[in-house]
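What follows is the residue order along each chain.
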Amino acid sequence: MRTRMLVLGCLAAALAATGLVGGTAARADEEAKAPPDPTRGQWDSFLDPLRDFEDNSVSAGQKAVEDATKIHLGLGFTEAYTWDFNRPRSGSLIALHSLEHHNDGVPVLGQLAASRPSEGWFIPGFGLKLDAGKVARDVKADWNGNGAVKHGDTFETNDFDVQEAYLTWAMPDDGPSFLKGLSLKGGKFVTLLGAEVIEPWSNYNYSRSFLFSLAIPFTHTGALVSYPISDKLSVTGGAVEGWDKVQSNNQGWSGIGNVTYTLSDQVTLAANGIWGPEQTNKTGNKRGVADFVATIKPTSALTLLLNYDWGHEDAAAAGNEAGLWQGFAAVANYAFTDRASAAVRGEWFEDHGGTRTGTVQSLYEATVTGKYLITQHLYGQIEYRHDESAKGDAFPKDSPGTVNGSTGPIPITKFTDGQDILGFNVTYLFN
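Residues numbered from 1 in each chain as written. Predicted model: local features only at pLDDT ≥ 70, side-chain atom pairs only at ≥ 80, totals over all residues. Heavy atoms only, no water.

Trainee: A description of the confidence of the model for the protein chain should follow, citing residues and the corresponding values.
Mentor: Across the protein chain, pLDDT averages 90, with 89% of residues at or above 70. Under a pLDDT of 50 for its full length, residues 1-32 has, in the predicted model, 55 contacts with residues more than four places off or in other chains. (pLDDT = per-residue confidence, 0-100. Contact = heavy atoms within 4.5 Å.)

This is how it looks when you write it as structure tokens:
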């Protein structure tokens, strides 16, 4: 209950802050320095009226709101169609994926975001993300603390979610010089761990890696403190209710932290971790994950992402043994032009004891994603992915025919050691 009140307080403060007024000179400077639209003056100039509408109405409206209130508004919408050649049940989550559904026309994600920086000593900032669609249902946290997101928990199983709702405070300019850059955050927010995020428009590939789906949490509720030790080194730490929880299921807290080091303009290194109790009504058994991410830009056109995760949980595997999982993913994104790019991802994930997937196995995947920018705010992607299990018979493969059961005919389901997935998506984004 105390955590729910904290989140509701964050929402109330965010709404109250919309009445604050002031200028945003820094944002105006950014707009003035923004590069020209790379999609203008090319073969599809017939779309220029749409681009004019985006610039003169939507983007101009964003800027007007921010100049008047310091509130930055963002809007994103993704619709996708994904086909698993194993042909599982239409609309179902693809096996061992967290957000991708087979043969489903329900919108993937619509998001309204709002944020405002803190001002002076006494006016907090805020962040708010409201989600609707399949992704909103799939990333739901445990809001009532019963240890599960299940039927009967009405809000937890619908297609709307408050992905983030938090307050922020940053040390003002007239504060102590040695505390310059110190900031606080409290409420519900996305995890510090991982190289990928919930929003598809912020990732290079459309589908998420096994590491995103199986190795780390989505969101937390709690508080964080961040401080830049130097221009190159910053640290963040705090306490949270645990993995994907608004209210604790065991009255325990987890510690979470991040260390980021900017080695150069081309290389950034990050180490993240979380440790604490996750099992319902148990605080003795702990779950921990160490997460490492390297972002490398050898050239302006090429970006590399390297991600390694190691996880451990007490008494989580068969026979009351400890659960252990680890994995590594590498992504390479190359921009051929200002409008066309491609991303390739390769990955390995190992589940010792079957804690994360339900069976002892090693998983592998390879994904290729092509992207084309239609306007500055509209793009399309096409993606092919292959998943493989060293165990075999890990992925359901529906087949024709039924067998007689006590309640009538039951569809026959076979299993195979791999699955092939083809997907298309279109995204409209103002961020």
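Trainee: Pulling in residues and values, what's your account of the side chain of Thr-260?
Mentor: The residue Thr-260 is located in strand S8 (residues 254-262) in this model. Polar contacts involving the side chain of Thr-260 include one to the side chain of Asn-258, which spans 3.0 Å. What Thr-260 contacts, discounting residues up to four positions off in sequence, is Lys-232, Leu-233, Ser-234, Thr-268, Leu-269 and Ala-270. (Helix = DSSP H or I, 4+ residues; strand = E, 2+ residues; numbered from the N terminus. Polar contact = N/O pair within 3.5 Å; in protein donor to acceptor, adjacent residues only side chain to side chain.)

Trainee: I'd like a description of the nonpolar core, backed by residues and values.
Mentor: For soluble globular proteins, the rule of thumb is that nonpolar side chains tend to be buried together. Within the largest apolar cluster, 22 residues are counted, with the highest numbers of intra-cluster contacts made by Ile-274, Val-289, Phe-349 and Leu-363. Elements with a contribution of two residues or more to this core: helix H5 (210-215) and strand S12 (323-335). A total of four residues in this core trace back to one element, the largest contributor, which is H5. The contact partners of Leu-363, leaving out residues within four places of it in the chain, are Leu-96, Phe-210, Leu-214, Glu-347, Trp-348, Phe-349, Thr-357, Glu-388, Ser-389 and Phe-395. (Core = buried A, V, L, I, M, F, W, Y, C linked by side-chain atoms within 4.5 Å. Buried < 20%, exposed > 50% of the residue type's maximum accessible area, 1.4 Å probe, protein only.)

Trainee: Quick rundown of helix H3 (residues 48-69)? Include the residues and the values.
Mentor: Because an α-helix packs 3.6 residues into every turn, residues spaced three or four apart end up facing the same way. Its 22 residues place the ends of H3 30 Å apart at the C-alpha level, agreeing with the 32 Å of an ideal helix rising 1.5 Å per residue. The principal kink in H3, of about 35 degrees, is found at Ala-60. Those residues of H3 that fall on the buried side of the exposure criterion are Asp-48, Arg-51, Glu-54, Gln-62, Glu-66 and Thr-69. (Expected span 1.5 Å × (residues − 1). Bend = angle between axes of the 7 residues up to and from the residue.)

Trainee: An account of the pairing of S8 is needed here, citing residue identities and associated values.
Mentor: Two strands pair when backbone bridges link them, and strand S7 (residues 233-240) and S8 are joined in this way by eight bridges, in the antiparallel orientation. When the sheet's bridge partners are listed, Gly-237 is paired in S8 with Gly-257. Here S8 runs beside strand S9 (residues 267-277); their pairing, made up of eight bridges, is antiparallel. Bridge pairing in S9 places Tyr-261 opposite Leu-269. Where S8 hands over to S9, the hairpin turn is made up of four residues, counted between the paired strands. (Pairing = 2+ DSSP bridges.)

Trainee: Give a detailed account of unusual backbone geometry, specifying residues and quantitative values.
Mentor: You will see that Asp-244, though not glycine, has its phi angle at about 55 degrees, which is positive. Overall, the relative accessible area of 18% leaves Asp-244 in the buried class. The backbone of Asn-320 sits at a positive phi, close to 60 degrees, despite the residue not being glycine. Structurally, Asn-320 can be placed in the loop between strand S11 (302-313) and S12. Owing to a relative accessible area of 60%, Asn-320 belongs among the exposed residues under this scheme.

Trainee: Break down the side chain of Thr-357 for me, with residues and values.
Mentor: If you trace the backbone, Thr-357 turns up in the loop between strand S13 (340-352) and strand S14 (361-373). Taking relative accessible area as the criterion, Thr-357 reaches 17% and is therefore assigned buried. A distance of 3.0 Å separates a polar atom in the side chain of Thr-357 from a polar atom in the side chain of Gln-361. Among residues more than four places away in sequence, those in contact with Thr-357 are Leu-96, Leu-214, Phe-349, Asp-351 and Leu-363.

Trainee: So, the pattern of salt bridges: which residues are in play, and what are the values?
Mentor: Summed over all chains, the structure comprises 20 salt bridges. Close ionic contact of Glu-164 with Lys-129 constitutes a salt bridge, the shortest N to O distance being 3.8 Å. Placement of Glu-164 in strand S4 (residues 160-170) and of Lys-129 in strand S3 (residues 125-132) is noted, with a sequence separation of 35 residues between them. In this structure Glu-164 comes out as buried when scored by relative accessible area, which is 5%. (Salt bridge = Lys/Arg side-chain N within 4 Å of Asp/Glu carboxyl O.)

Trainee: Report on a nonpolar patch on the surface, specifying residues and quantitative values.
Mentor: A surface patch of nonpolar side chains, amounting to about 270 Å² of accessible area, comprises Tyr-81, Ile-382 and Phe-424. Within the secondary structure layout, Ile-382 lies in strand S15 (residues 378-389). (Patch = residues over 30% accessible without salt bridge, like charges linked within 9 Å, V, L, I, M, F, W, Y side chains within 5 Å. Areas by Shrake-Rupley, 256 points an atom, 1.4 Å probe, with all protein chains shown as cover.)

Trainee: Now, about the packing of aromatic side chains: what can you tell me, with residues and values included?
Mentor: Think of a pair of aromatic rings as described by two things: how far the centres are apart, and how the planes are tilted against each other in angle. For the structure on display, the rule yields seven aromatic pairs. Their ring planes at 70 degrees and their centres at 5.1 Å tell us that Tyr-334 and Phe-336 sit as a pair that is edge-to-face. Given the relative accessible area of 37%, Tyr-334 is considered partly exposed. On the accessibility criterion, Phe-336 (55% relative accessible area) is exposed. With centroids separated by 5.5 Å and ring planes inclined at 15 degrees, the aromatic side chains of Tyr-428 and Phe-430 adopt a geometry described as stacked. Among the residues examined, Phe-430 registers a relative accessible area of 8% and is labelled buried. Here a set of aromatic residues connected by ring pairs shows up, and it is made of Trp-143, Phe-155 and Phe-160. Here Lys-185 stacks its cationic end above the ring of Tyr-166, 4.4 Å away from the centre of that ring. The cationic tip of Arg-356 hangs over the ring face of Trp-325; the distance from NZ or CZ to the ring centre is 5.0 Å. (Phe/Tyr/Trp six-rings, centres within 6.5 Å; stacked < 30°, edge-to-face > 60°. Lys NZ or Arg CZ within 6 Å of the ring centre and 35° of its normal.)

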